[in-house]
Protein chains: 2
Amino acid sequence: MNAEILCVGTELLHGDIVNTNAQYISKKLAEIAIDVHYQSVVGDNPARIKQCFATAFSRSDVVVCTGGLGPTQDDITKDVLAEYFDVKMVYDEESYHHVREIYSRFRGDFPQNNMRQTYFPEGAVILNNPNGTANACIMKGEADGKMKIGILLPGPPKEMEPLVDNEVIPYLKQFSNQVVFGEKLIVVNIGESAAEEMILDLIEKQTNPTIAPYAGAGRVIFRITAKAESKEKCLELIEPIKEELIRRFGSENAYVAETGKVEDKAAELLLEKNITVATAESLTGGLVSSKLISYPGISKVFMEGFVTYSNESKINTLNVKKETLEKYGAVSEETAKEMAYGAAQAAGTDLGVSTTGIAGPDGGSEEKPVGLVYICVYYNGKYNVKEIRATGSREIIRERAATTALDLIRSCIEK
Amino acid sequence: MNAEILCVGTELLHGDIVNTNAQYISKKLAEIAIDVHYQSVVGDNPARIKQCFATAFSRSDVVVCTGGLGPTQDDITKDVLAEYFDVKMVYDEESYHHVREIYSRFRGDFPQNNMRQTYFPEGAVILNNPNGTANACIMKGEADGKMKIGILLPGPPKEMEPLVDNEVIPYLKQFSNQVVFGEKLIVVNIGESAAEEMILDLIEKQTNPTIAPYAGAGRVIFRITAKAESKEKCLELIEPIKEELIRRFGSENAYVAETGKVEDKAAELLLEKNITVATAESLTGGLVSSKLISYPGISKVFMEGFVTYSNESKINTLNVKKETLEKYGAVSEETAKEMAYGAAQAAGTDLGVSTTGIAGPDGGSEEKPVGLVYICVYYNGKYNVKEIRATGSREIIRERAATTALDLIRSCIEK
């Protein structure tokens with residue numbers, strides 16, 4: 001069974017918003033092993049929408065459409081679906097109550113043009129939308145001797161996503177007897193192309209599971225994805241590949257993380273081993289602490305963070321020596337060490353982590369260029385320093401520094 | 001002149017990544033008043049790519065395609081374009097040197113299959129890609145008695161985006177005699193639907209400029225966009241609408257910000273008036289400081305940030321009174337005040353800003369539910385406190401708290 005996604009929305013064509021709907025639905029369909037062959041976007045133009053629908057149904061078994069369920073004359077996706085299956089539009093009493101209920105709660109009188117939201121193609125399964133007036137629908141029928149399914153969903157993600165999770169995926173599951181399951185391997189200390197080349201033979205040879213890389217600031221993620229009749233069977237297929245990948249990258253450079261986030265692995269380890277932590281950040285300016293704090297329950301071990309942007313604050317708050325700053329500069333291994341130690345001392349924690357560097361666009365020199373960053377983790381009486389030379393925008397350099405600091409927490413604990 | 005965008009990439013169809021390329025190109029084309037009527041995504045499947053190209057050229061003057069310029073047999077967009085314009089593929093010496101140069105720098109030997117990257121449709125303008133091996137191209141010709149333009153770009157955003165900015169947009173500008181220019185109005189203290197209803201008559205009546213809302217954590221942005229023969233003429237059209245919007249929302253709740261970022265407005269004001277600043281964050285955990293520090297040059301006024309997550313750190317670092325914490329709790333107006341004051345004192349700054357609240361998912365009570373946040377700005381001897389009750393995930397609550405804190409800095413300075 002193959003599917004395609006059609007998103008109706010002029011704001012997408014203007015580039016005002018990014019099409020997260022197409023990604024969301026594609027991902028959910030992939031998880032139940034339904035192949036998506038196309039995604040399309042069209043504006044609120046009836047003639048063009050009609051044309052896109054015709055094209056979509058001519059080449060796909062399932063067409064999932066978002067948008068076009070509103071109350072205006074331009075909202076015609078239901079009419080087009082009725083025409084495709086050659087049925088008439090019929091009034092739905094429950095949808096009338098649904099729309100009226102929402103209007104009475106939030107907006108006052110029931111506007112006459114909202115009556116459009118109470119009509120559906122005859123025979124469609126109507127899906128109650130708890131988050132908006134536009135009920136959704138699923139219609140199954142035969143066309144050109146084949147089974148075709150049309151699914152119409154509202155455009156706003158907060159309305160569309162619960163309908164996909166709670167209605168569409170359970171419905172479509174009956175047509176698929178396979179599941180797709182993946183694990184994410186985070187790889188650090190190795191650049192994207194170097195990492196890819198180390199396992200190119202596997203990437204090219206593997207068909208089930210597949211291995212796909214995703215680069216990002218300071219780390220590469222390899223997703224290992226298997227397709228099988230059950231999640232357990234998927235895991236069995238994934239296991240040997242995962243082991244081989246970790247063997248090649250080295251276990252100090254590669255680890256499995258469900259969310260694919262470096263901070264989650266660091267937070268897990270800190271909580272698991274009950275290691276208290278403090279941060280001392282210069283160029284990252286609170287990115288390290290705010291990423292750590294995004295992990296629920298972290299308050300048990302995260303004690304305090306210091307954003308010591310000025311030299312004075314490094315001296316006063318973290319006890320960095322004035323001589324160190326004068327002799328080596330704020331961006332130096334020595335300052336990073338004193339910052340990490342100072343944070344742990346000031347907050348009374350087991351572990352201190354620091355970042356200091358030049359994020360740019362200004363402030364670089366030949367000796368210390370934009371992108372030079374020193375990171376230190378002080379833990380168990382030992383200093384672990386890492387120097388990186390990042391390239392890219394201010395944001396990218398700061399992100400990479402934060403990711404590297406969070407990963408250094410992990411590797412120091414695992415050591 | 002109308003355009004459409006075709007993105008080739010299986011990872012998009014799997015939902016592994018979101019299609020930022022389509023958004024980027026759409027936005028840039030909108031700025032030079034070229035209408036985008038469709039966006040499509042197709043996988044690395046030659047037959048389907050060919051079909052999509054044919055459909056695209058049958059309905060659009062310009063087809064901008066990303067992806068499919070790699071060295072493998074599946075990378076066929078150039079061949080398809082040559083076929084469409086009925087020309088042959090020809091060898092390009094400069095592209096050969098380009099690919100060889102990059103290989104010699106990064107990867108060693110020139111692999112034989114990369115020869116594909118040195119052939120282009122005859123007559124195409126070849127665009128040098130400084131960030132990767134895949135050179136891009138633009139091909140103009142006549143088909144069905146109409147002028148058609150095909151533009152082929154590499155898929156990775158860091159390669160594609162500079163080519164769009166430096167080559168494609170300057171090239172396409174010659175076919176457009178209009179520009180589109182917009183201004184962003186940030187609206188705070190008013191919810192999305194309430195704000196929209198306050199100006200619904202304008203949104204519905206206006207065609208040039210148009211007014212479009214974008215909601216986000218803690219603020220709504222209205223983009224006012226005009227189309228005219230020059231940027232100056234656009235600004236003339238925008239001015240009266242902007243004034244009317246500010247009049248309706250109140251100037252304390254609405255302001256223009258080029259980037260649409262609340263933190264940039266706060267940073268601008270701090271720098272302009274040379275007001276030094278320190279932060280004291282609990283639930284936001286460094287988000288406020290890291291957003292402020294994303295503004296280049298902020299080091300002149302940003303002195304220090306404290307992430308005081310534990311009660312001990314609030315007491316030891318910020319001098320929050322133990323009695324205050326015991327009597328009112330960490331999440332209270334009183335604690336927020338002492339945190340803001342304490343941060344300004346500890347760092348010796350003119351202004352101190354604090355956040356304290358319950359981000360969830362746990363930790364809420366009937367009296368103090370998840371989402372309750374107190375924010376305080378201490379400035380000029382005065383305390384400005386704001387209480388918010390946010391809903392949504394941990395991330396959304398933290399984002400909204402940070403946005404509100406940054407906006408409170410602005411409103412306190414402007415007062």
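Criteria and cut-off values
- Residues numbered from 1 in each chain as written.
- Chains lettered and ligands numbered in written order.
- Predicted model: local features only at pLDDT ≥ 70, side-chain atom pairs only at ≥ 80, totals over all residues.
- Heavy atoms only, no water.
- Helix = DSSP H or I, 4+ residues; strand = E, 2+ residues; numbered from the N terminus.
- Buried < 20%, exposed > 50% of the residue type's maximum accessible area, 1.4 Å probe, protein only.
- Contact = heavy atoms within 4.5 Å.
- Lys, Arg positive; Asp, Glu negative; His and termini not counted.
- Charge placed at Lys NZ, Arg CZ, Asp CG, Glu CD.
- Salt bridge = Lys/Arg side-chain N within 4 Å of Asp/Glu carboxyl O.
- Polar contact = N/O pair within 3.5 Å; in protein donor to acceptor, adjacent residues only side chain to side chain.
- Pairing = 2+ DSSP bridges.
- Axes fitted to C-alpha atoms, helices over the stretch in contact; angles between N-to-C directions.
- Buried area = accessible area lost by both parts, 1.4 Å probe.
- Phe/Tyr/Trp six-rings, centres within 6.5 Å; stacked < 30°, edge-to-face > 60°.
- Lys NZ or Arg CZ within 6 Å of the ring centre and 35° of its normal.
- Parallel < 35°, antiparallel > 145°, perpendicular 65-115°, else oblique.
- Left-handed = near helix turned anticlockwise from the far one by under 90°.
- Nonpolar A, V, L, I, M, F, W, Y, C, P; charged D, E, K, R; others polar.
- Least-squares fit on C-alpha atoms with pLDDT ≥ 70 in both.
- Core = buried A, V, L, I, M, F, W, Y, C linked by side-chain atoms within 4.5 Å.
- Domains from an automatic or database assignment.
- Bend = angle between axes of the 7 residues up to and from the residue.
- Disulfide = S-S within 2.5 Å.

Visitor: How would you sum up the overall build of chain A? Please name residues and give values.
Guide: Within chain A, the regular secondary structure consists of 15 helices and 17 strands. Looking at the 415 residues of chain A, the share that counts as buried comes to 55%. Sequence separation of 24 or more characterises 67% of the internal contacts of chain A that already satisfy a separation of 6 or more. Looking at chain A, you have 45 positive and 59 negative side-chain charges, and the mean spots of the two groups are 3 Å apart.

Visitor: Lay out the side chain of A:Glu304 in plain terms, naming residues and giving numbers.
Guide: Position of A:Glu304 relative to the elements: it lies in strand E14 (residues 302-308). Buried charge without a partner: A:Glu304 forms no salt bridge, and the closest opposite charge is B:Lys314, 9.6 Å away. One polar contact links A:Glu304 to B:Thr317, side chain to side chain, over a distance of 2.2 Å.

Visitor: Lay out the sheet that holds strand E10 (residues 210-216) of chain A in plain terms, naming residues and giving numbers.
Guide: Residues and elements named next belong to chain A. Taken in spatial order, the 4 strands of this open sheet run E10-E11-E9-E12, and their pairing is antiparallel. The open sheet has two edge strands with one neighbour each: E10 and strand E12 (254-256). Direction aside, the axes of adjacent strands within the sheet are offset by 25 degrees on average. Bridging between E10 and strand E11 (residues 219-228) involves 7 bridges; their strand directions are antiparallel. Counted as the bridge partner of proline 213 is phenylalanine 222 from E11.

Visitor: I'd like a rundown of the interface of chain B and chain A, residues and numbers included.
Guide: Counting residues at the interface gives 55 residues for chain B and 55 residues for chain A. Summing both sides of the interface, chain B and chain A together bury roughly 4,500 Å²; the carbon and sulfur share of this comes to 53%. At the boundary of chain B and chain A, one finds 2 salt bridges. We note a salt bridge from B:Arg223 to A:Asp16, for which the minimum N-O separation is 3.1 Å. Applying the counting criterion to the chain B and chain A interface returns 28 residue pairs in polar contact (both at pLDDT 80 or more). Breaking the side of chain B that touches chain A down by element, the ones donating at least two residues are helix H1 (10-13), helix H2 (20-31), strand E2 (35-42), helix H3 (46-59), helix H11 (287-293), strand E14 (302-308), helix H12 (311-318) and helix H15 (394-414) of chain B. Note that E14(A) and E14(B) share 5 bridges and pair antiparallel. Considered in E14(B), the bridge of A:Val307 is made with B:Gly305.

Visitor: I'd like a rundown of the packing of aromatic side chains, residues and numbers included.
Guide: Applying the stated criterion to the full structure yields 24 aromatic pairs over all chains. Pairing B:Tyr341 with B:Tyr383 gives two aromatic rings, centres 6.4 Å apart and planes at 50 degrees, and the pair type is tilted. Here the residue B:Tyr341 occupies a position in helix H14 (residues 333-347), and B:Tyr383 occupies one in strand E17 (residues 382-389), the gap between them amounting to 42 residues. By the ring-pair criterion, three or more aromatic residues cluster together here, those being A:Phe53, A:Phe57, A:Tyr84 and A:Phe85. Just above the ring of A:Tyr383 sits the side chain of A:Lys337; from NZ or CZ to the centre is 5.8 Å.

Visitor: Any chance you could break down the sheet that holds E17(B) for me, citing the residues and the numbers?
Guide: Strand order in the open sheet made by the 10 strands is E17(A)-E16(A)-E15(A)-E13(A)-E14(A)-E14(B)-E13(B)-E15(B)-E16(B)-E17(B), with mixed pairing throughout. Of all the strands in the sheet, just strand E17 (382-389) of chain A together with E17 of chain B have a single pairing partner and so form its edges. Each neighbouring strand pair of the sheet contributes to a mean axis angle of 10 degrees, computed without reference to strand direction. Summarising the sheet, strand E15 (residues 351-357) of chain A and strand E16 (residues 372-379) of chain A pair through 7 bridges and their orientation is antiparallel.

Visitor: Let's hear about the packing of helix H3 (residues 46-59) of chain A against helix H4 (residues 77-84) of chain A: which residues, and what values?
Guide: Two quantities define a packed helix pair, namely the angle between the axes and the distance from one axis to the other. All names here are of chain A. Remark: H3 packs on H4, axes separated minimally by 10 Å, with the N-to-C direction vectors making an angle of 45 degrees. Classified by the interaxial angle, the pair formed by H3 and H4 is oblique. Judged by the twist between their axes, the crossing of H3 over H4 is right-handed. Each of Ile49, Lys50, Phe53 and Phe57 in H3 lies in contact with H4, whose residues at this interface are Thr77, Val80, Leu81, Glu83 and Tyr84. The residue inventory of the contact of H3 with H4, partitioned by class, reads 6 nonpolar, 1 polar and 2 charged.

Visitor: Talk me through the relation of the copies chain B and chain A; I want residue IDs and the actual numbers.
Guide: Rotating chain B by 180 degrees about the axis while translating it 0.5 Å along that axis superimposes it on chain A, leaving an RMSD of 0.5 Å. In symmetry terms, the pair is related by a two-fold rotation axis. When the interface residues of chain B are mapped onto chain A, 98% of them are again interface residues, pointing to one common binding face.

Visitor: Please set out the nonpolar core residue by residue, giving values where relevant.
Guide: Ranked by internal contacts, the top residues of the largest apolar core, which has 56 residues, are A:Leu153, A:Leu172, B:Leu153 and B:Leu172. The residues contacting B:Leu172, other than those within four sequence positions of it, are B:Leu29, B:Ile32, B:Ile34, B:Val62, B:Ile149 and B:Ile151.

Visitor: Quick rundown of the environment of A:Tyr103? Include the residues and the values.
Guide: All names here are of chain A. Within the element layout of this structure, tyrosine 103 appears in helix H5 (residues 93-106). The class for tyrosine 103 is buried, based on a relative accessible area of 7%. Residues tyrosine 103 and glycine 348, 245 residues apart in the sequence, show an inter-C-alpha distance of 55 Å.

Visitor: Please provide a residue-by-residue account of the domain arrangement of chain A, values included.
Guide: In many analyses, interface size is given as the accessible surface area lost on bringing the parts together. One can read the domain layout of chain A as domain 1 (2-173), domain 2 (179-256) and domain 3 (262-414). Computed over C-alpha atoms, the centres of domain 1 of chain A and domain 2 of chain A are 36 Å apart.

Visitor: Can you lay out helix H6 (residues 157-173) of chain B for me, pointing to particular residues and giving the numbers?
Guide: All names here are of chain B. Where H6 bends most, at valine 164, the angle is about 45 degrees. When H6 is considered as a whole, its buried residues turn out to be Glu159, Met160, Leu163, Val164, Val168, Ile169, Tyr171 and Leu172. Close packing links the buried residues of H6 with H2, strand E3 (62-66), strand E6 (125-127), strand E7 (136-143) and strand E8 (146-153).

Visitor: Requested: an account of the state of the cysteines, with residues and values cited.
Guide: All names here are of chain A. As enumerated under the stated definition, the model contains 0 disulfides over all chains in all. Here cysteine 376 is not cross-linked by a disulfide; its sulfur's nearest cysteine counterpart is in cysteine 412, at 8.0 Å. With a relative accessible area of 0%, cysteine 376 lands in the buried category.

Visitor: Break down the environment of A:Lys386 for me, with residues and values.
Guide: Residue and element names in this part refer to chain A. For lysine 386, the position within the fold is in strand E17. Measuring from C-alpha to C-alpha, the distance between lysine 386 and serine 40 comes to 45 Å, with 346 residues separating the pair along the chain. Residues within four places of lysine 386 in sequence aside, it is in contact with Asn189, Val373, Tyr374, Ile375, Thr404 and Leu408. Among the polar contacts listed, one links the side chain of lysine 386 to the side chain of asparagine 189, at a separation of 2.4 Å.

Visitor: Lay out the pairing of strand E11 (residues 219-228) of chain B with the relevant residues and their values.
Guide: Residue and element names in this part refer to chain B. With 8 of 10 residues buried, E11 is to be regarded as a mostly interior element. Direction of pairing for strand E9 (residues 179-187) relative to E11: antiparallel, over a ladder of 9 bridges. Of the residues in E11, the one forming a bridge with leucine 185 is phenylalanine 222.

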